[in-house]
Amino acid sequence: MTKTWKELPEGGLITESGNAHQYETGDWRNLRPVHDREKCINCLFCWIYCPDSAIIVKDGKVVGIDYAHCKGCGICARECPDKVKAIKMVDESEYE
Amino acid sequence: MATKELVARTGNEAMAEAMRQINPDVVAAYPITPATEIVQLFSSYVADGLVDTEFVTVESEHSAMSACVGASTAGARVMTGTSSQGLILMAEILYIAAGLRCPIILAEVNRALSSPINIHCDHSDTMSVRDSGWIQIFSENSQEAYDNMIQAVRIGEHMDVRLPVMVTTDGFIISHGLEAISMLEDKEVQDFIGPYKAAYSLLDVEKPITAGGLDFTDYYFEHRRQTAQAMKNAKKVILEVGREFGEKFGRNYGFFEGYKLDDAEIALVLLGSTAGTARVAVDQLREAGVKCGLLKLRVFRPFPAEELAEALKHLKAIAVMDRSDSLSTAGGPLFAEVRSALYDLPERPAIVNYIYGLGGRDITVEDLEGVYRELQRISGGGQVQETIQYLGVRE
Ligand code: SF4
Ligand code: SF4
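Residues numbered from 1 in each chain as written. Chains lettered and ligands numbered in written order. Predicted model: local features only at pLDDT ≥ 70, side-chain atom pairs only at ≥ 80, totals over all residues. Heavy atoms only, no water.

**Quick look at the overall build of chain A**
Counting its secondary structure elements, chain A contains two helices and four strands. Sequence-ordered secondary structure for chain A, helices as α and strands as β, is β-α-β-β-α-β. Here the C-alpha radius of gyration of chain A, 16 Å, is well above what a compact globule of 96 residues would show, namely 12 Å. Considering only C-alpha atoms, chain A reaches an extent of 55 × 30 × 20 Å along its principal axes. Expressed as a percentage of its 96 residues, the buried residues of chain A come to 35%. Residue pairs at least 24 apart in sequence account for 63% of intrachain contacts in chain A once pairs closer than 6 positions are excluded. Total accessible area computed for chain A in this model is approximately 6,600 Å², and 50% of it derives from carbon and sulfur atoms. Each charge sign in chain A was given a centre, from 13 positive and 16 negative side chains, and these centres are 5 Å apart. (Helix = DSSP H or I, 4+ residues; strand = E, 2+ residues; numbered from the N terminus. Rg over C-alpha atoms; globule rule 2.2 N^0.38 Å. Buried < 20%, exposed > 50% of the residue type's maximum accessible area, 1.4 Å probe, protein only. Contact = heavy atoms within 4.5 Å. Areas by Shrake-Rupley, 256 points an atom, 1.4 Å probe, with all protein chains shown as cover. Lys, Arg positive; Asp, Glu negative; His and termini not counted. Charge placed at Lys NZ, Arg CZ, Asp CG, Glu CD.)

In structure tokens, the structure reads:
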């Protein structure tokens, strides 16, 4: 994030693949998805739908959310099955 | 050595011949008066097998420039041609070509902009895209158009530059005027331009890249700064290429050309074909003992501000001739830049602006003599009555 104009590839080119990870989009978020492990049935709908690959899964289980990249779109909370609703969107101001 | 015998070529023919000899990988174009002939002739070279170019016919100039950008990012040497409404329809993609650092070459025939619709020469079209990041080189005649096209390849493709270049002629006056020019051999052109080495290619599977990514507040400024630097670097490269062209083929090129300027007290600054008319006026007035001269600017982007100030600083009075009007009420685009370039001089010459020749309105030797007479009056201590005037309009 701190490269000078002399250090950057010219023409706005992106010269490596898979480097979206370096770009932390988490600070765009104003609603934070909060995951409840007790309610979660690990259907992984949220993991499939998350456009930012921000649902962290380990051994087939949702273990957390990557807040450095989660943009707070709320798709995970919406797709989470009605009978559990294990993700709640909470206003970021509550965390300031 | 260069071809000794002269051949008769219009400006459009000269530009098309240069394109044939350059033999680009891709030409994508849409026809428009008075530039149509350039790509029409070129398409016949393609049909006759004289070039190896992939010729892409498109449905608009916006698409033409888009196809050029696509081909250029894929690593091809790319050229096109247009004029007037065509150029401003390309405008969105012109900025993108510069930002993506695509060294595309554009043969541009200067023509007025609508409305009212008009097909004749003025510089409104080229001036309207002056901040797009394209290098802009003006030509006085067919010979210069031809020579500039060939140099444009070397300038744009230089690794310190990597910017698109538009070479302009004046609509009908140059584009359709038949002149004797000296052409180079095909091999001389190829040796001069050399093979194209793309800085990057979307088709290179060994080195995958993304072109045209998104920048926010965090990176956009840095990338614009890079393009500004490329334009700065272009100044050195333009001079180097012009000098080398002169050494090899006998015709030297710089940022501008002075005519009887060194000992002059008054001078005109102008672009393009009007230089020929102005030379006649200078010669006639010199015979009458008037110390007048001329500066014909060749390169408008990058703008050679320091060099111009140096070349004009000894003058008492200058008239900047604009063949377009920015409608700013503060003078034409050339005037604004030249006047600004002179601001830091300890003793600034008096400077006035004439907007002339819009929509192809003829400019005569007598018109220009009148301007010189006015400069004479001002340099003799007379007051500048009106800084910005319209020359040749019915009052
Ligand atoms: S809010 Fe959107 S970005 Fe964040 S974890 Fe849920 S689906 Fe992914
Ligand atoms: S969608 Fe809901 S229940 Fe399914 S894994 Fe994600 S949080 Fe758990």
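Still to come is the rest of the account.
**Let's talk about the environment of Ala14 of chain B**
Residue and element names in this part refer to chain B. In this fold, Ala14 is placed in helix 1 (residues 11–22). Taking the C-alpha atoms as reference points, Ala14 and Gln385, 371 residues apart in sequence, are found 43 Å from one another. Non-local contacts of Ala14, meaning those with residues more than four positions away in its chain, are made with Arg9, Ser142, Tyr146 and Ile181.

**Re the sheet that holds strand 4 (residues 78–83) of chain B**
Residues and elements named next belong to chain B. The sheet built from seven strands is open, its strands ordered 3-2-4-5-7-6-12 with mixed pairing. Unpaired on one side and paired on the other, strand 3 (54–57) and strand 12 (299–301) mark the two borders of the sheet. Strand-to-strand twist across the sheet, computed as the mean angle between neighbouring axes with direction ignored, equals 20°. Here six bridges tie strand 5 (residues 105–110) to strand 7 (residues 165–170), and the two strands are oriented parallel to one another. If you follow Ile105 over to strand 7, its bridge partner there is Val165. Most of the contacts of helix 3 (residues 61–73) go to strand 4, to which it runs at about 165°, and overall it touches strand 2 (26–29) and strand 4. Of the strands in this sheet, strand 4, strand 5 and strand 7 touch helix 4 (residues 84–99), which is tilted by about 135° from strand 4. (Pairing = 2+ DSSP bridges. Axes fitted to C-alpha atoms, helices over the stretch in contact; angles between N-to-C directions.)

**A look at the domain arrangement of chain B**
All names here are of chain B. Taken domain by domain, chain B comprises domain 1 (6–249) and domain 2 (256–391). Distance between the C-alpha centres of domain 1 and domain 2: 28 Å. Taken together, the contact pairs 27 residues of domain 1 with 28 residues of domain 2. Counting the contacts that link domain 1 with domain 2 gives six salt bridges. Lys235 is the salt-bridge partner of Glu307, the closest N and O atoms lying 3.0 Å from each other. Taken together, the connections running from domain 1 to domain 2 amount to 18 residue pairs in polar contact (both at pLDDT 80 or more). Among the secondary structure elements, those contributing two or more residues to the side of domain 1 that touches domain 2 are helix 5 (124–128), strand 6 (135–138), helix 6 (142–157) and helix 8 (220–249). Each residue belonging to the side of domain 1 that touches domain 2 can be placed in one class, and the counts come to 12 nonpolar, eight polar and seven charged. (Domains from an automatic or database assignment. Salt bridge = Lys/Arg side-chain N within 4 Å of Asp/Glu carboxyl O. Polar contact = N/O pair within 3.5 Å; in protein donor to acceptor, adjacent residues only side chain to side chain. Nonpolar A, V, L, I, M, F, W, Y, C, P; charged D, E, K, R; others polar.)

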